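# Results of the structural survey
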Amino acid sequence: MRTLRIRYLLLLLLFTGILVGLLHTAWPFLFYPSKNLSFSFPVQPITADNATAKAGIAERDITPPVGIPKFGYSAWAKNADGFRTRLKARAFYLKGPGQTPLAIVQLDLGSGSLVLRHRVAELIANNTDIPAHALTLLVTHTHSGPGQYLGSDFYNVFGSNKPGFDPALFEFLSQRIADTVIEAYQSRREARFAVGQSDLFGFTRNRSIEAWANNFPDQNHHNPDPMQAVNPTMTLLRIDQRQGNGFVPAGALSLYSIHGTAIPPFTRPYHADVWHWISEELEAELADDSPDFIHGAAQATHADNNPAWKENLRGDLEAERIGKALGKHASSLFHSLESQLTDSLSTAVASRQLDLLDDIDTGRFGLCERAIAGASVAGAANGDEVFPISYLPFLAEDWPRQVFTDNCQGVKQWMLSKLQLLLPAERFPHQALFQVVRINDLVLVPLPWEITLESGNRLRQAVASTLPDGSDWKVEISSLANGYFGYAVTPEEYALQYYEGGHTLYGPHTLDFLIQQSTALSRDLQQQGDINDIPQHQTFSLLSRQYFPDSLAGPSARHWLSEPQHHEGHATTGPYWSLLLTAEPANQLALDRPLLTVHCDNGVISDDSAELQLLHQEDTDNETGRYEVRWYPANPLPSGPCRFAVSSADQQQPVFSAPLP
């Protein structure tokens, strides 16, 4: 009898847990209000220009305030409590004589967003000559940036640790990104250009090596090397601007395949991950001769390529080691292009927006009629396993469906089985923007999917086959651009249902669809010239909840509450100095403005570097915030006495701490 009661109790607990889980999942869809976003794009004629190619480059800080849910680690993420590195927007404006001007923006964000792209296109329309279809948003896919700005309810609810589209955060990001593009446009000058590629192994590894090896069943891949099954190619666009009678380095846009996951789940501060150091390394090297130089680095085909962090050391120091190595490689590639600079600029852009829920004239090529998330998504990717979820039957990797595989999703184990059909197809991402962007001999294919190594190889080969003979074309795919649709794997990778296959929402033929659409768009671009197949008027409806503060007040009185103390730190972070600060409450403190510095005899260290960290502790009853400030000194150590400083309320003289002992 006792055993029977225990069984009934366990069943009751299991049923209660399932019911609570379903209610928690369904709550936003049942009770959150909808926010309608409408976009209209004016038709902008191409204006005549003089006979010189021009470029403009700009950078803005887009770090949101404390308290925003973070995107990338889903339920394992935490609300942001400060920053370790700033998040940036870097815009590149390009205009050849008589050609369509275009803007490419690199963002330290976890994902692209179609509604964000469309809003920025609206905001820049009256202040630049960039037509709506010629704007591209590339991202780093850092997992330590904000969520809640995406264009689908599915990822606004499940991509972060809290659900809902945040209209205030969305407008904050839109305005700052638009300001960056406008500044780049206003800074345009005569320029020279060069594009190059170079390979680098040793800093990435294939996290789903068995799924990758399944692409080559007839080859000897019994013991494949995860460090070799990666995309090693870095692609870099170098831009020099005229200054006086000559030209000086002004900026670089680079692409490389590495997941933004060197900073692990459960960490709280905003962080650009390895991408901070990739960009900073080249900028620091050129700082003396080109102090305004800007380097933006973004994703290529990274989906199954993780940072190769050392075991048990994943964190800030490993992110720095890997990022600096990639930054040094970018520097070598940048300098190797010196002799290839040309004042000739040939650009073209084709943009086509498709609703994947509609009948598509050019064909679906096996693409499923709606999105379905696989059970292995809950199991997480290799390197981020969560015990015991990642090891349970049906949730674990390599657990494909063995029966009832004749539906469009094939061997995918459905999350929540048929219950998932209760979530309307419109709640999943379905408005996809395809683009092909040509800059001299660089052909950039931005896609709103996370592209695996072999998927990228097949895409590049297919697009390259559409290009005319006679040029040394450099084709690169950029994942997560302008939106987010989960993953795109090969059919062979899909068959094993690792995390990447389970997260391929539209089924095993997603890659076939991407190849056909991208090659068709590339051919149309060659034959017809620039293409704008983006609806001029469109509306999105998103379930909303605001996390962003209603208003960010000006600085209040700021004071240091303690003297600097030294800490040995952790093996993943290194030693640091810290002290306590009181300032305005967290919901009034703007983190996108200069705030902290360290002053030493031989210079000033700003919070634009990765050396200074701000962590919110609590807000007090007297409407002030309490913060911990940390300094992780770089080698070699600064000379002489050093003091922390925080900007003052009147923005005149900073408020200094006691000197470090």
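This text goes with the structure placed above it.
A brief look at the structure comes next. Quantities reported herein were computed from a predicted structural model and do not represent experimental measurements.

This part is about helix α9 (residues 453–464). Spanning 12 residues, α9 covers 16 Å between terminal C-alpha atoms, matching the ideal 16 Å at 1.5 Å per step. Buried within α9 are the following residues: Leu453, Glu454, Ser455, Gly456, Leu459, Arg460, Ala462 and Val463.

What follows concerns the layout of surface pockets. If a probe the size of a water molecule is rolled over the atoms, the empty space left behind becomes visible. Of the pockets and cavities examined, the second largest pocket occupies roughly 1,200 Å³. Taken together, 44 residues form the lining of the second largest pocket, with His276, Glu280, Ser609, Ala610 and Glu611 sitting closest to its centre. Those elements that provide at least two residues to the lining of the second largest pocket are β2 (54–61), β5 (88–95), α6 (274–285), α7 (316–336) and β25 (574–583). Looking at the lining of the second largest pocket, the element that brings in the most residues is α6, giving seven residues. In terms of residue class, the lining of the second largest pocket is built from 17 nonpolar, eight polar and 19 charged.

Here we come to the sheet that holds strand β9 (residues 189–199). The strand order across the open sheet built from eight strands is β7-β6-β5-β2-β9-β11-β12-β13, with neighbouring strands paired in mixed fashion. The two strands at the open ends of the sheet, each matched to only one other strand, are β7 (135–139) and β13 (294–299). Recorded for the sheet is a direction-independent mean angle of 25° between the axes of neighbouring strands. The pairing of β2 with β9 spans two bridges and is classified as antiparallel. Within β9, the residue paired with Lys54 across the bridge is Glu190.

What follows deals with the environment of Leu333. With respect to the element layout, Leu333 can be found in helix α7. Overall, Leu333 belongs to the buried group, its relative accessible area being 6%. C-alpha separation for the pair Leu333 and Thr235, spaced 98 residues apart in sequence, amounts to 8.7 Å. If sequence neighbours within four positions are ignored, Leu333 has contacts with Gly196, Gln197, Ser198, Met234 and Leu236.

Now for the nonpolar core. Within soluble globular proteins, side chains that are nonpolar generally end up buried alongside one another. With 147 residues, the main nonpolar core has Leu356, Leu596, Trp631 and Phe644 as its most contacted residues. When residues no more than four places from it in sequence are discounted, the contact partners of Leu596 are Phe83, Trp560, Leu581, Ile605, Ser606, Asp607, Leu612, Gln613, Leu614, Val629, Ala645 and Val646. The next biggest cluster of nonpolar side chains, apart from the first, holds 28 residues, and it includes Met234, Ala252, Ile263 and Ile322.

Moving on, we come to the side chain of Asp384. Looking at where Asp384 falls in the secondary structure, it is placed in the loop between α8 (376–379) and β16 (431–439). According to the relative accessible area criterion, Asp384 is buried, its value standing at 12%. A polar atom in the side chain of Asp384 sits 2.8 Å from the side chain of Arg314. Setting aside anything within four residues of it in sequence, one finds Asp384 in contact with Tyr73, Pro265 and Arg314.

A separate point is the pattern of salt bridges. Following the criterion strictly, the structure yields 31 salt bridges and no others. Between Asp61 and Arg86 there is a salt bridge, with the nearest N and O atoms lying 3.6 Å from each other. Taken as a pair, Asp61 in strand β2 and Arg86 in the loop between β4 (82–83) and β5 lie far apart in primary sequence, 25 residues in all. Residues Asp61 and Arg86 agree in their burial class; the two are buried. Here Glu318 ties to Arg321 by a salt bridge, and the two come within 2.8 Å at their closest N and O atoms. Within this pair, Glu318 and its partner Arg321 are both found in helix α7, separated by three residues, close to a single helical turn. One connected set of salt bridges, linked through shared partners, spans Glu59, Lys88, Arg90, Asp108, Glu283 and Asp608.

Moving on, we come to the packing of α6 against α7. If you want to describe how two helices pack, look at the angle between their axes and the distance between the axes. Between α6 and α7, the shortest axis-to-axis distance is 7 Å and the interhelical angle comes to 45°. Of the possible angle classes, the one that applies to α6 and α7 is oblique. Of the two elements, α6 crosses α7, and the hand of that crossing is right-handed. Contact residues: Val274, Trp277, Ile278, Glu281, Leu282 and Glu285 in α6; Asp316, Ala319, Glu320, Ile322, Gly323, Lys324, Leu326, Gly327, Lys328, Ser331, Phe334 and His335 in α7. Along the lines of polarity and charge, the residues of the contact of α6 with α7 split into eight nonpolar, four polar and six charged.

The subject of this paragraph is the packing of helix α2 (residues 114–124) against helix α4 (residues 167–186). Taken N-terminus to C-terminus, the directions of α2 and α4 make an angle of 50°; their axes are 9 Å apart at the nearest point. Between α2 and α4, the angle is such that the two are oblique. Helix-helix and strand crossings are classified by hand; for α2 and α4 the assignment is right-handed. Contacts from Val115, Leu116, Arg119, Val120, Leu123 and Ile124 in α2 reach Phe170, Glu171, Leu173, Ser174, Gln175, Ile177, Ala178, Val181 and Ile182 in α4. Class assignment of the residues belonging to the contact of α2 with α4 gives a composition of 11 nonpolar, two polar and two charged.

Bringing the state of the cysteines into the picture now. Within the structure shown, the criterion is met by two disulfides. Between the sulfur atoms of Cys368 and its disulfide partner Cys408 the distance amounts to 2.1 Å. Looking down the S-S bond of the Cys368 and Cys408 bridge, the torsion is -105°, so its handedness is left-handed. With a gap of 40 residues between them, Cys368 in the loop between β15 (347–355) and α8 and Cys408 in the loop between α8 and β16 connect regions that are remote in the sequence. The class of Cys368 is buried, set by a relative accessible area of 3%. On the basis of relative accessibility, which here comes to 39%, the residue Cys408 falls in the partly exposed class. Each sulfur of the disulfide joining Cys600 and Cys642 lies 2.0 Å from the other. Torsion about the S-S bond of the Cys600 and Cys642 cystine: about 115°, corresponding to right-handed handedness. Residue Cys600 is found in strand β26 (residues 596–600), and its partner Cys642 is found in the loop between β29 (625–631) and β30 (643–646); the two are separated by 42 residues along the sequence. Summarising the burial analysis for this pair, Cys600 and Cys642 share the class buried.

Before going further, it helps to examine empty space enclosed by the protein. Under the defined criterion, the tally for this structure stands at one cavity of 30 Å³ or more. Put simply, the largest cavity is a space of about 50 Å³. For the largest cavity, the full set of lining residues is Ser208, Ala211, Asp304, Thr452, Val489, Glu493, Tyr498, Glu500 and Gly501. Classifying every residue of the lining of the largest cavity gives three nonpolar, three polar and three charged.

Glancing now at the packing of aromatic side chains. In this structure the tally under the stated criterion is 22 aromatic pairs. Centre to centre, the rings of Phe71 and Tyr484 are 5.8 Å apart; their planes meet at 85°, and the pair counts as edge-to-face. Taken as a pair, Phe71 in strand β3 (residues 70–71) and Tyr484 in the loop between β19 (474–478) and β20 (487–488) lie far apart in primary sequence, 413 residues in all. Three or more aromatic residues joined by ring pairs make a cluster, and in this case those are Phe29, Phe71, Phe154, Tyr155, Phe158, Phe428 and Tyr484. One residue, Arg86, lies across the ring of Phe83, its end atom 4.4 Å from the ring centre.

Rules used throughout
- Residues numbered from 1 in each chain as written.
- Predicted model: local features only at pLDDT ≥ 70, side-chain atom pairs only at ≥ 80, totals over all residues.
- Heavy atoms only, no water.
- Helix = DSSP H or I, 4+ residues; strand = E, 2+ residues; numbered from the N terminus.
- Expected span 1.5 Å × (residues − 1).
- Buried < 20%, exposed > 50% of the residue type's maximum accessible area, 1.4 Å probe, protein only.
- 1 Å grid on protein atoms, 1.4 Å probe; cavity = no way out; pocket = protein on both sides within 12 Å on 5 of 7 lines; lining within 4 Å.
- Points joined across faces, edges and corners; volume = space filled by probe spheres on them.
- Nonpolar A, V, L, I, M, F, W, Y, C, P; charged D, E, K, R; others polar.
- Pairing = 2+ DSSP bridges.
- Axes fitted to C-alpha atoms, helices over the stretch in contact; angles between N-to-C directions.
- Contact = heavy atoms within 4.5 Å.
- Core = buried A, V, L, I, M, F, W, Y, C linked by side-chain atoms within 4.5 Å.
- Polar contact = N/O pair within 3.5 Å; in protein donor to acceptor, adjacent residues only side chain to side chain.
- Salt bridge = Lys/Arg side-chain N within 4 Å of Asp/Glu carboxyl O.
- Parallel < 35°, antiparallel > 145°, perpendicular 65-115°, else oblique.
- Left-handed = near helix turned anticlockwise from the far one by under 90°.
- Disulfide = S-S within 2.5 Å.
- Phe/Tyr/Trp six-rings, centres within 6.5 Å; stacked < 30°, edge-to-face > 60°.
- Lys NZ or Arg CZ within 6 Å of the ring centre and 35° of its normal.

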